[in-house]
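A structural walkthrough
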Amino acid sequence: MAEAVQARSSSKAPSKIRGAIVRFAGDSGDGMQITGSQFTSTAAMLGNDLATFPDFPAEIRAPAGTLYGVSGFQINFSSDDVFTPGDRPDVLVAMNPAALKTNLAALKPGGLLVANSGAFSAGNLKKAGYAENPLDGDSMSAYQLLSIDISKATLLAVAESGLSTKEANRCKNFWTLGLMYWLYNRPLEPTLRWLDQKFKKTPDVLAANAAALKAGHAYGETAEISHERYDVPPAVHEKGTYRNISGNQATAWGLVAASQLSGTGLVLGSYPITPASDILHELSRHKNFGVTTLQVEDEIAAACTAIGASYAGKIGVTTTSGPGMALKMEAIGLAVSTELPLVVINIQRAGPSTGMPTKTEQADLFQALYGRNGESPVCVIAAATPGDCFYMAIEAVRLATKYMTPVILLSDGYLGNGAEPWKIPDVSSLPKIEVKHRTEVEGFHPFVRDPETLARAWAVPGTPGLEHRIGGIEKSFDSGHISYSPENHQKMSETRAAKIAGIANDIPELGIEEGEASGKLLVLGWGSTYGSIREAVRRSRARGLSVSQAHLRYLNPMPKNFVELLSRFDKVLIPEMNMGQLVKIVRGEHLIPAESYAKIEGMPFTVDEIEQRISQLVEA
Amino acid sequence: MSNVVPTRNLTRADFSSDQDIRWCPGCGDYAILATVQRTMPELGVLPENMVWVSGIGCSSRFPYYMNTYGFHTIHGRAPGIATGIKVANPDLTVWMVTGDGDGLSIGGNHLMHCLRRNVDINILLFNNRIYGLTKGQYSPTSETGKITKSTPMGSTDNPLDPVVFALGCNASFVARSIDVEAKHLGQMITRAANHRGGTFTEIYQNCNVFNDEAFEAFRAKDVKDERQIHLEHGKPLLFGADKRKGLRLDPKTFKLSVVTLGENGMTESDILVHDETNQTLAYMLARMPFPQFPVALGVFYAVEGETYNARTEQQVNFSVDKQGKGDLTKLLNSGETWTV
């Protein structure tokens with residue numbers, strides 16, 4: 001029988017395609033995030049370029065079957081360059097009616113819909129608001145419907161495992177993954193290896209999940225599935241060793257790297273908050289790098305422990321998201337006033353207030369730039385892609401320690417949780433970070449400055465002869481003692497501003513990512529919009545439009561050539577996931593009449609949206 | 001505290017900065033500063049290895065007057081900063097100065113967690129039962145009904161007792177003293193300095209501008225013997241000019257009472273003996289209502305335990321031992337990779 005099956009399936013040779021977009025959607029207890037990340041790992045190992053978008057509810061276990069309990073994971077994998085998780089999926093896997101209801105509109109017309117008919121019970125249909133079962137009749141005729149009772153097939157596949165029905169039912173995500181591996185002609189081994197590791201201690205669960213994975217794959221082989229199979233060949237990557245990396249993992253590793261590159265210990269003060277907690281988790285695993293992680297009582301204490309560590313000569317870091325950022329602001333102001341290095345990482349999420357914790361947004365730019373009392377300039381930088389988080393974390397440490405200043409690194413939920421293939425850098429190619437702790441007593445006072453960088457001396461407790469007092473009260477420029485002198489306050493305010501402005505001499509100029517150095521339209525972005533803009537500009541250029549892309553990684557100070565570069569274009573378009581923040585700075589401070597494309601839906605821009613806006617502006 | 005042995009003879013001058021002191025004339029803070037500066041040379045810690053951290057308020061100006069490292073931070077947050085300093089460099093001796101507003105109102109949360117974690121820092125809380133720097137509003141330790149600018153009809157809050165608070169937080173060392181009792185205060189500071197682990201010392205401090213004579217009822221020379229009881233480990237809890245009054249525990253009601261030796265057949269064997277390791281006794285002594293009972297001064301509780309900073313450091317060392325010193329190339333190449 002097995003041989004016969006083999007013969008039949010091999011007669012169906014997979015057809016080669018450039019790429020595909022697959023979305024897994026199910027109940028938050030259905031394991032869709034694991035399914036998606038396993039599919040991703042395998043695609044990465046096969047050499048596809050890819051981008052992912054995990055989209056999950058804030059509730060840990062929302063009531064089963066509800067619309068708000070749906071968890072999704074979209075992956076775009078391809079033989080070509082991939083910059084985004086893709087707009088509309090080619091394949092939608094819907095594990096229950098609620099997943100179908102909330103995701104069907106995204107599926108491409110004619111796309112493949114894999115539905116777990118076993119979960120389309122009267123109760124689940126009602127919870128999803130379906131009067132009738134949409135899998136019956138012809139309401140899905142716009143798609144290729146593959147209706148399979150995955151629940152039942154899984155129970156059959158794992159019958160021998162000895163698991164309870166409830167536990168056995170949990171294996172259905174691996175059955176589904178097996179089927180998708182069949183569809184895209186992917187090997188099972190990487191996931192089998194992962195299962196071996198993950199369930200080492202529970203052999204029955206391991207065996208059941210492996211059986212389910214194989215059964216899903218076998219179903220594709222044996223069943224009368226008329227659907228064709230696909231092969232997505234590897235992408236052409238630059239030579240090197242690659243891995244898959246998420247933004248939060250890259251951020252954590254960048255911090256570890258910066259600590260190593262500077263030969264200075266790192267202390268993270270943090271308080272758990274979505275979607276930033278994974279950086280705390282990841283850093284906590286790497287204490288053998290001399291990394292200390294403190295989960296403290298609140299966001300304020302998190303910032304303060306980091307400041308205390310910086311004062312004592314370590315690299316003080318605090319990680320958070322928007323609401324936590326608001327709480328830290330007074331402490332950041334203290335680091336501005338005492339001119340201590342401090343790295344603050346904000347994984348932005350939808351606000352205001354609690355907002356939508358698991359949804360992405362870029363609306364904390366103003367908070368980062370202006371969110372403190374008094375004239376309180378800090379350096380603000382932003383990562384563009386998950387892999388870029390690694391380099392920007394290193395850059396944040398470099399600038400904070402060199403200029404004795406807080407540096408705010410902006411990432412967001414989309415970058416933090418999203419993943420991409422990442423070329424592993426050669427450690428020797430990473431920038432050295434020179435940390436100087438002053439020991440020279442002659443001529444010392446705590447605010448004696450480096451004439452070039454204007455950074456004050458970093459004099460660390462324990463150093464003989466440099467005993468001094470600092471605080472949040474204004475200091476005399478000449479002695480560091482408390483000063484209420486009017487002229488001195490003016491001078492110190494100007495000095496603090498000049499120090500931050502001077503960083504512009506120490507950062508790369510703004511470059512063109514895509515397109516010509518001048519033309520009709522420049523699409524300018526910052527942060528996680530990079531991928532959508534890049535792909536939209538590419539497609540528009542392929543249609544012959546005069547459009548280029550530039551992307552800001554340094555928001556304060558901005559690169560020196562910023563105004564000059566923008567002025568080479570007739571128009572500038574700024575897409576942002578907020579109500580238009582960068583655009584206000586460009587218009588208000590730099591007097592460039594840029595157009596805003598502001599979207600605030602808790603979701604990244606689709607390529608299509610930006611492409612349409614480009615067309616409107618260029619063809620107008 | 002640091003084990004570094006001083007290589008030079010230290011005097012009070014080594015710990016006194018050149019800054020003009022800006023407290024009001026007559027403020028109790030002067031007396032505390034003088035006692036601290038006199039006591040520091042005896043502790044065996046060089047000024048460069050000492051950091052004084054404070055929050056905001058009158059008492060928090062303290063670090064400016066110490067010729068050590070000093071950090072005047074933000075309101076209520078000194079425990080966080082002090083914790084970061086101690087964890088980053090456990091060799092430093094860290095002292096923290098706070099007040100009843102800074103430590104128990106805006107910073108109550110941080111103080112609580114700092115104490116229960118047993119961070120190896122010495123905390124001095126100057127309690128004047130008033131907000132001084134903001135010019136005279138009531139504080140979390142002001143008595144109910146306190147009439148101030150913000151409470152012209154009297155405050156409606158119940159006050160908090162700092163020693164009870166610290167005991168409730170499981171602080172490993174809890175003591176109380178008075179600003180002008182230089183000898184006693186010096187002893188408490190020395191005890192705190194020598195205690196391995198976090199310490200909390202409440203110091204009754206007179207604000208002669210906004211809450212003058214707040215502690216006179218038991219601080220004044222003519223009444224102090226009768227109205228103070230000094231706690232000494234292993235010694236009977238006696239007080240009064242001739243030490244004829246004492247504290248007795250009624251075994252039936254489990255309440256303390258004041259008894260007089262020689263009256264109603266009371267002898268010294270009826271008197272409780274102070275035990276610094278008994279948290280329940282510490283709590284009872286801290287909760288004694290005044291003036292029915294005397295005010296307890298001294299070390300209420302002291303039990304050394306493992307510190308937060310030591311445990312944190314051990315984890316780093318343990319990880320290095322177990323996983324080897326971190327190798328960045330190995331980290332970046334860990335897990336699934338592929339080569340093009």
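In the block above lies the structure referred to throughout.
The present account deals with the structure reproduced in this document. (Residues numbered from 1 in each chain as written. Chains lettered and ligands numbered in written order. Predicted model: local features only at pLDDT ≥ 70, side-chain atom pairs only at ≥ 80, totals over all residues.)

1. Concerning the interface of chain A and chain B
Contacts between chain A and chain B engage 56 residues on the former and 50 residues on the latter. Of all elements in the fold, only helix 2 (32-45), strand 9 (241-246), helix 10 (247-262), strand 10 (266-270), strand 11 (291-295), helix 12 (299-311), helix 13 (322-338) and strand 17 (469-471) of chain A reach the threshold of two or more residues within the side of chain A that touches chain B. For the side of chain A that touches chain B, the leading source of residues is helix 12 of chain A, giving nine residues. Within the side of chain A that touches chain B, the residues separate by chemical class into 26 nonpolar, 21 polar and nine charged. Strand direction decides the pairing type here: strand 17 of chain A and strand 2 (residues 69-72) of chain B, joined by three bridges, are parallel. For Ile470 of chain A, the partnering residue across the bridge sits in strand 2 of chain B and is Phe71 of chain B. (Contact = placed C-beta atoms within 7 Å. Helix = DSSP H or I, 4+ residues; strand = E, 2+ residues; numbered from the N terminus. Nonpolar A, V, L, I, M, F, W, Y, C, P; charged D, E, K, R; others polar. Pairing = 2+ DSSP bridges.)

2. Structural notes on the sheet that holds strand 21 (residues 554-556) of chain A
Residue and element names in this part refer to chain A. Spatially, 11-10-12-13-15-14-21 is the arrangement adopted by the seven strands of the open sheet, whose pairing is mixed. Single-partner strands in this sheet number two, and they are strand 11 and strand 21. Direction aside, the axes of adjacent strands within the sheet are offset by 20 degrees on average. The pairing of strand 14 (residues 379-382) with strand 21 spans two bridges and is antiparallel. (Axes fitted to C-alpha atoms, helices over the stretch in contact; angles between N-to-C directions.)

3. Section: the sheet that holds strand 12 (residues 337-339) of chain B
As summarised here, the arrangement of the three strands in space is 16(A)-9(A)-12(B), forming an open sheet in which the pairing is antiparallel. With partners counted over all chains shown, the strands left at the sheet margins are strand 16 (419-423) of chain A together with strand 12 of chain B, one partner each. Direction aside, the axes of adjacent strands within the sheet are offset by 35 degrees on average. Pairing analysis gives five bridges linking strand 9 of chain A to strand 16 of chain A, with the strands arranged antiparallel. Across the sheet, residue Ser246 of chain A finds its bridge partner in strand 16 of chain A, namely Ala419 of chain A. In the packing of helix 2 of chain A onto the sheet, the strands contacted are strand 9 and strand 16 of chain A together with strand 12 of chain B, and the crossing angle to strand 9 of chain A comes to about 160 degrees.

4. Topic: the packing of helix 2 of chain A against helix 7 (residues 172-183) of chain A
All names here are of chain A. Look at helix 2 against helix 7: their axes get within 9 Å of each other, and the N-to-C directions meet at 30 degrees. With respect to their mutual orientation, helix 2 and helix 7 come out roughly parallel. In this structure, helix 2 meets helix 7 at a crossing whose hand is right-handed. Between helix 2 and helix 7, the contacting residues are Met32, Ile34, Thr35, Gln38 and Phe39 on the first element and Asn173, Thr176, Leu177 and Met180 on the second. (Parallel < 35°, antiparallel > 145°, perpendicular 65-115°, else oblique. Left-handed = near helix turned anticlockwise from the far one by under 90°.)

5. Let's talk about helix 10 of chain A
Residue and element names in this part refer to chain A. Helix length check: helix 10 (16 residues) gives 22 Å between terminal C-alpha atoms against 22 Å at 1.5 Å per residue, within 8%. Burial within helix 10 is extensive, with 15 of its 16 residues counted as buried. Looking one or two residues past helix 10, Gly263 carries a phi angle of roughly 60 degrees, positive in sign. (Expected span 1.5 Å × (residues − 1). Buried ≥ 20, exposed ≤ 12 C-beta atoms within 10 Å, placed from the backbone.)

6. Re the pairing of strand 5 (residues 173-178) of chain B
Residues and elements named next belong to chain B. For strand 5, the buried fraction is high: six of the six residues fall into the buried class. With burial as the criterion, each face of strand 5 is covered, one bearing Phe173, Ala175 and Ser177 and the other bearing Val174, Arg176 and Ile178. Bridge count between strand 5 and strand 11 (residues 295-302): four bridges; the pairing is antiparallel. In the strand pairing of strand 11, Arg176 is matched with Gly298. Where strand 5 lies against strand 6 (residues 199-204), five bridges are found, and the strand directions are parallel. When the sheet's bridge partners are listed, Ile178 is paired in strand 6 with Tyr204. Handedness of the β-α-β unit built from strand 5, helix 6 (residues 182-194) and strand 6 comes out right-handed. (Right-handed = clockwise from strand over helix to strand, strands pointing away.)

7. So, the pairing of strand 1 (residues 50-54) of chain B
The side chains of a regular strand alternate between both faces of the sheet. Residue and element names in this part refer to chain B. A large share of strand 1 lies buried, amounting to five of its five residues. On strand 1, burial covers both faces: Met50, Trp52 and Ser54 on one face and Val51 and Val53 on the other are all buried. Relative to strand 2, strand 1 is paired through four bridges, and the arrangement is parallel. In the sheet register, Ser54 faces strand 2, and the bridge partner there is His72.

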